[in-house]
Amino acid sequence: MQITLETTPFAAIETDALVSYVFEETDPVQGRIAEIDQAAAGLLRKLAKSGELTGKTLEFTLIHAPAGLKAARLLLVGAGKREQFNGAALRKIAGAALRYLKSRSAKNFAFLVRESDATGENAQAIVEGAFAANFETDKYKTDKKNDKNIEAVSIAGYSDAERAAGEKGLSKGRIIADAQNFTRDLVNEPSNKLTPRILAQKAEAMAREAGLSVEILDEKKIADLKMGALLSVAQGGPEPPRMIVVTYNPSNAKPGAPVIGLVGKAVTFDTGGISIKPSEGMEKMKYDMAGGATMLGVMRALAALKPNVKVICVVPSTENMPGGTAQKPGDIQTAMSGKTIEVLNTDAEGRLILADGVHYAKQLGATHLVDAATLTGAIVVALANINVGVFGSDQAWTDKLLASAKAVGEKMWQLPMDDEYREFIKGSFADIQNISSGKGGGSITGAWFIREFAGDSPWIHLDIAGTAWNDDAKPWLAKGPTGVALRTLVHLVLSF
Ligand code: BES
Ligand code: ZN
Ligand code: ZN
């Protein structure tokens, strides 16, 4: 899909559809919409009066052969209340418009921003929304006869003076959206097409293409380094684990700046191991590598956006299988850090592999850590599929991430990390145990387990179990992987 910025006056744009957005207010026909109304001889005002055009969030009004416009169609999308309108709303509107038009076989459209919206940030949001919306999860469908495709999008409503800022936002948006779709592509892969070894190959190929350094630790190296927690999960099946390390090391790194460590859980399939999961819905556990895929996508974007901080990405990857050699409840494992872990439930495997991932990231020089993981079902109970669960050991570092989430329109919510919860994972027969001895707070105790390995380094844990996968298609996004948290993390790194 091509995307360009266009300074042609909207009435003269030849396109399958001219798209704009309307606010929900007493008179929704204002500003640029009033200009379109004038060109179209008062049609929009008529529609508003009749109640057909209200501006309610994601209401679609499609007008064919609009008078006064070169466009074949005019599509107006409801933007909701003006006071609540922001970049996140614009991103969704652009995405929803793309999917709406694609389903009606349009090949291209021009997205016209409203009178005061011709900024770089908005161009970025529109591009991100459009590219995310254009992503489909039909890779393994063979019948492509009736495939519908949007070939070109233009962003309109920018003056010559606004062009440079718009184009800058556009290319940044393109980089971020491509990275997010790279992540979603990985998450979409079923476990027979994406084993830890294949994930490592794909990470390596991505890193080489992007100009990042990459090192893949195989099972032998992992054993040499005594990553006992990762190995304990991997021993349940024949697929060997991998520890993927991708580094962005800019020559202009600010002296004294933090070295950011991004650690992502990549369990390419989670059966639960001997503590096996029920079969209903188990197929979804192919997405248990979403945390790792997110971090790899972040690195891909950083390589192009070139921030001046060093970032080390560590992705422990394994399957969690219940084979004859699998670890069993009660087994005691020694993590790379030397801490001993009583594995009371083999299905709490994400925290085990992150234990070694986080320790290794620190050993490689990371001073500030963020991990992302589809860690707990409990986070779905707490926050549903709306908010990412955020846990932190250092409020200043956590606040920085929350500010980034807000800036890019990703919903995240911080949960408490009181010391009392830590008691729940004290081990009876080893240093710590991998599930809680208390009632409730499952996501918090999971976070505390990982924190044990972060030590004193400022650390954040993102539980994306509820948000990394869309169970139902949204008007602006296909069913399946979402790529959540990528935009926040890119923003966080760029904010130094
Ligand atoms: N991968 C799962 C978490 C998960 C559950 C993700 C549901 C998405 C949807 C994780 O490895 C797991 O199984 N966690 C257990 C932990 C429990 C045994 C303490 C869980 O949440 O049930
Ligand atoms: Zn599990
Ligand atoms: Zn898991």
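Just so it is clear, the structure is predicted and the values come from calculations on it, not from any experiment.

A closer look at the sheet that holds strand E2 (residues 18–22)
Taking strand neighbours across the sheet as the criterion, the six strands line up as E1-E6-E5-E2-E4-E3 in an open arrangement whose pairing is mixed. The open sheet has two free edges, formed respectively by strand E1 (2–5) and strand E3 (60–64), since each of these has just one partner strand. In this sheet, neighbouring strand axes are inclined to one another by 20° on average, regardless of whether the strands run parallel or antiparallel. With five bridges joining them, E3 and strand E4 (residues 73–78) adopt antiparallel strand pairing. Each residue of the ladder has a partner; that of Thr-61, found in E4, is Leu-76.

As for helix H4 (residues 120–134)
Given 3.6 residues per turn, any residue in an α-helix points the same way as the ones three and four places further on. Between its first and last C-alpha atoms H4 spans 21 Å; for 15 residues at 1.5 Å apiece the expected length is 21 Å, and the two agree. The backbone nitrogen of Asn-122 lies 3.1 Å from a side-chain oxygen of the residue at the head of H4, namely Thr-119.

Examining the sheet that holds strand E13 (residues 340–343)
Reading across the sheet, the three strands line up as E12-E13-E17 and stay open at both edges, with mixed pairing between neighbours. Each edge of the sheet is formed by a strand with only one pairing partner; in this case those strands are strand E12 (331–334) and strand E17 (432–433).

So, the coordination of the zinc ion (ligand 2)
Each protein donor to the zinc ion (ligand 2) is listed here as Asp-270 (OD), Asp-347 (O), Asp-347 (OD) and Glu-349 (OE); together their distances run 2.0 to 2.2 Å. Relative to the metal, the six donor atoms surrounding the zinc ion (ligand 2) lie at angles of 71 to 167°, and the coordination shape comes out irregular. Counting residues between consecutive donors of the zinc ion (ligand 2) along the chain gives the motif D-x76-D-x1-E. Between the zinc ion (ligand 2) and the zinc ion (ligand 3), the interatomic distance is 3.2 Å, and Asp-270 donates to each metal, bridging them. Note that Asp-270 is positioned in strand E10 (residues 266–270) and Glu-349 in the loop between E13 and helix H10 (350–363), a separation of 79 residues in sequence.

Some thoughts on the packing of aromatic side chains
Inspection of the entire model under this criterion finds nine aromatic pairs. For the pair Tyr-21 and Phe-111, a centre-to-centre distance of 5.8 Å together with 20° between the ring planes defines the contact as stacked. Here the residue Tyr-21 occupies a position in strand E2, and Phe-111 occupies one in strand E5 (residues 108–112), the gap between them amounting to 90 residues. When its relative accessible area of 0% is taken as the criterion, Phe-111 is described as buried. Pairing Phe-449 with Phe-453 gives two aromatic rings, centres 5.6 Å apart and planes at 45°, and the pair type is tilted. One end of the pair is Phe-449 and the other is Phe-453, both in helix H14 (residues 442–454) and four residues apart, which spans about a single turn. The pair formed by Phe-449 and Phe-453 is uniform in burial state, with each residue classed as buried.

Some remarks on the nonpolar core
Counting residues in each nonpolar core, the largest one holds 101 residues, and the members touching the most others are Leu-296, Met-299, Val-370, Leu-462 and Leu-489. The element contributing the most residues to this core is helix H9 (residues 290–305), with nine residues. Setting aside anything within four residues of it in sequence, one finds Met-299 in contact with Met-206, Leu-212, Val-246, Thr-247, Tyr-248, Leu-262, Val-311 and Cys-313. Residues Leu-75, Tyr-100, Tyr-158 and Leu-170 belong to the second largest nonpolar core, which totals 37 residues.

Here we look at the side chain of Asn-188
In this structure, Asn-188 sits in helix H5 (residues 163–188). Excluding anything up to four places from it in sequence, Asn-188 contacts Thr-137, Lys-286 and Pro-481.

So, the domain arrangement of the chain
Interface size, as often reported, equals the accessible area lost upon joining of the parts. Domain assignment breaks the chain into domain 1 (2–176) and domain 2 (190–494). Measuring from the centre of the C-alpha atoms in domain 1 to the corresponding centre in domain 2 gives 37 Å. Between domain 1 and domain 2, roughly 1,400 Å² of surface is buried when both sides are summed, and carbon and sulfur atoms account for 72% of that area. Taken together, the connections running from domain 1 to domain 2 amount to zero salt bridges. Applying the counting criterion to the domain 1 and domain 2 interface returns one residue pair in polar contact (both at pLDDT 80 or more). Those elements that place two or more of their residues in the side of domain 1 that touches domain 2 are helix H3 (87–103), H4 and H5. Here the side of domain 1 that touches domain 2 takes six residues from H3, the largest share from any one element.

Procedures and definitions
- Residues numbered from 1 in each chain as written.
- Chains lettered and ligands numbered in written order.
- Predicted model: local features only at pLDDT ≥ 70, side-chain atom pairs only at ≥ 80, totals over all residues.
- Heavy atoms only, no water.
- Pairing = 2+ DSSP bridges.
- Helix = DSSP H or I, 4+ residues; strand = E, 2+ residues; numbered from the N terminus.
- Axes fitted to C-alpha atoms, helices over the stretch in contact; angles between N-to-C directions.
- Expected span 1.5 Å × (residues − 1).
- Polar contact = N/O pair within 3.5 Å; in protein donor to acceptor, adjacent residues only side chain to side chain.
- Donors = N, O, S within 2.8 Å, 3.2 Å for Na, K, Ca; no water.
- Tetrahedral: all angles 85-135°; square planar, octahedral: opposite > 155°, others 65-115°.
- Phe/Tyr/Trp six-rings, centres within 6.5 Å; stacked < 30°, edge-to-face > 60°.
- Buried < 20%, exposed > 50% of the residue type's maximum accessible area, 1.4 Å probe, protein only.
- Core = buried A, V, L, I, M, F, W, Y, C linked by side-chain atoms within 4.5 Å.
- Contact = heavy atoms within 4.5 Å.
- Domains from an automatic or database assignment.
- Buried area = accessible area lost by both parts, 1.4 Å probe.
- Salt bridge = Lys/Arg side-chain N within 4 Å of Asp/Glu carboxyl O.

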